[in-house]
Amino acid sequence: MDLDLINDKWDEIKQIVTKETDTSDIAYNTWLKPLEIYDIIDDTLYIIYSEDSESRMIALIEKKYKLIIKNVVKDITGKDYNIKIILPNEAVKLGSSTQKDEESDKELNYEFTNSANYMDSNLNPNYTFNTFVVGGNNKFAQGTAFTVSEAPGEICNPLFICGGPGLGKTHLMHAIGNQIIENDNSKKVLYVTAEEFTNEVIECIKNSRNKSNENDMTYFRDKYRTADVLLIDDIQFFVDKNAESSQAEFFNTFNKLHTLGKQIVISSDKMPKEMEEFDDRYITRFEQGITAEIKIPDYETRVAIIKNKIENRNAYLPDDVVDYIASNIKSNIRSIEGAINKLIAYSKLENTEITIDKAAELLDSIISPDKPKEITPQLIIEVVCEHYGVTIEQLISKNRSQNIIRPRHVAMYLCTQETDCSQDTIAKLLERKDHSTIINARNNIIEQLKTDEELNNQIEAIKKKINSN
């Protein structure tokens, strides 16, 4: 039976396809390795792509591999089968009993060659797909990002990467840019943070007003609107109304590049639908592409990340210390990296191996596993500012614009609800005159919560962030 023969030869078939198409290891792990034989129905060989994905990614896989798979299968079986690659949910509709549910861990083995002018692109050559640790929390984001790097502007455009701070959004963005340049170093790739973009706009406007260089804005627009790939990090920075000019420049740039079919990659700490400060037409544009969320890594992924970072530092930490870090630092990768750096630095300075007791002592301020979690006004203020995309300086300022007033009142409300601090202490911390301001803000939020569902959702999201920090 041909189905049994193809199943027996499937690994061999994939290796032949890999060789014939000159597929890299990371492309094999992303696209070919997850392919599994499903069934033969009416002269069609159905193949499942076992990863979570979207139909647009399947179209790319078919474009790259369908014909060669068809030819190799014909050579083995002597029959010219139609080839159809499907997602697991499509397989259910076919009702076959031969579906495979087995999954394999992906081992990335990708050689990165620094062959581009990274001064122009603003890319960090150390952030590649090879150095990105894949786990259940980021598998879809990594696969989608790699798809973009192999076919910029074709399928996942725009790509919107979202997730909390320190989870790898920036790493993935740099990896996309580096991979695109590695594939074709004639591509004009630009990476920029929303804050850097804003600073450039401000500088151009200032120079134009001073007439020191009236061509600055023309140069600025030409720089960004002629890019083949634009990677813009932390777009939530634009929600501050003080960045209205920057927001307008970005969206005009977005429209120009999107119309030309150029690749746009955006990162944010919020999902598009949560970015209520942006015009709905742009939220709709963001959602027309693909949104890839990076979640907090599970224990196994945290262990893999720790071991990867230790190896990259040519250092050593015992397994029980690795377990201690992975078990107690769960919120983000930056905190994990900070803990590793602290332990390695101590080990080298003292020329001694880190024991579990020494790790607990050195990381007490970071982990403190035996201490009850302390929620302080300072923590609440930081999380509120991060959620709304404002700075602490703006929050405590005299600014009365609505996009500052709401975060300020929310911070005051949460400080009264989540801590035991006196209202006078909270007022002093937020540089308010006296406790009456805090009382008014708290009462204002309590009243709004009775009818404002959006505000309820915002405060619940902030509470979750406070408790996960």
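Please refer to the structure higher up on the page.
A brief look at the structure comes next. None of the values given here were measured: they were computed from a predicted structure. (Residues numbered from 1 in each chain as written. Predicted model: local features only at pLDDT ≥ 70, side-chain atom pairs only at ≥ 80, totals over all residues. Heavy atoms only, no water.)

## Quick notes on the sheet that holds strand 8 (residues 290–294)
As summarised here, the arrangement of the five strands in space is 5-6-7-4-8, forming an open sheet in which the pairing is parallel. Two strands lie at the open edges of the sheet, namely strand 5 (189–193) and strand 8, each paired on one side alone. The average angle at which neighbouring strand axes cross in this sheet is 15 degrees, direction not considered. Sheet analysis places strand 5 next to strand 6 (residues 229–233), joined by five bridges and oriented parallel. The residue bridging Leu190 from the neighbouring strand is Leu230, located in strand 6. With respect to the sheet, helix 6 (residues 139–150) is in contact with strand 4 (159–163), strand 7 (263–268) and strand 8, its orientation differing from that of strand 8 by roughly 135 degrees. (Pairing = 2+ DSSP bridges. Helix = DSSP H or I, 4+ residues; strand = E, 2+ residues; numbered from the N terminus. Axes fitted to C-alpha atoms, helices over the stretch in contact; angles between N-to-C directions. Contact = heavy atoms within 4.5 Å.)

## A few points about unusual backbone geometry
Residues apart from glycine generally show negative phi values, whereas peptide bonds are mostly found in trans. Geometrically, the link from Asn157 to Pro158 is a cis peptide bond, its omega value of 0 degrees lying close to zero. Despite not being glycine, Asp42 shows a phi value in the positive range, around 50 degrees. On the secondary structure map, Asp42 appears in the loop between strand 1 (35–41) and strand 2 (44–49). Even without glycine at this site, Asn122 takes up a positive phi of about 70 degrees. Counting through the fold element by element, Asn122 comes out in the loop between helix 5 (118–121) and helix 6. Overall, Asn122 belongs to the partly exposed group, its relative accessible area being 39%. (Buried < 20%, exposed > 50% of the residue type's maximum accessible area, 1.4 Å probe, protein only.)

## Looking at the sheet that holds strand 3 (residues 82–86)
Spatial ordering of the open sheet is given by 1-2-3, a layout of three strands whose pairing is mixed. A single partner strand is all that each edge strand has here, and the edge strands are strand 1 and strand 3. Put simply, the sheet's adjacent strands are angled 25 degrees from each other on average, direction ignored. Across five bridges, the pairing between strand 2 and strand 3 is parallel. Across the sheet, residue Thr44 finds its bridge partner in strand 3, namely Asn82. Each of strand 1 and strand 2 touches helix 1 (residues 2–20); the most contacted strand, strand 1, lies at about 155 degrees to it.

## Some thoughts on the pattern of salt bridges
In this structure the tally under the stated criterion is 13 salt bridges. Here Lys70 ties to Asp80 by a salt bridge, and the two come within 2.9 Å at their closest N and O atoms. Within this pair, whereas Lys70 is found in helix 3 (residues 55–77), its partner Asp80 is found in the loop between helix 3 and strand 3, the two being separated by ten residues in sequence. The exposure class of Asp80 is partly exposed, given its relative accessible area of 43%. Arg221 is the salt-bridge partner of Glu249, the closest N and O atoms lying 2.7 Å from each other. On the criterion of sequence distance, the pair formed by Glu249 in helix 10 (residues 244–259) and Arg221 in helix 9 (residues 216–225) is long-range, its members being 28 residues apart. Note on Glu249: relative accessible area 7%, which makes it buried. Several salt bridges share partner residues, and in doing so they unite Arg221, Arg225 and Glu249 into one network. (Salt bridge = Lys/Arg side-chain N within 4 Å of Asp/Glu carboxyl O.)

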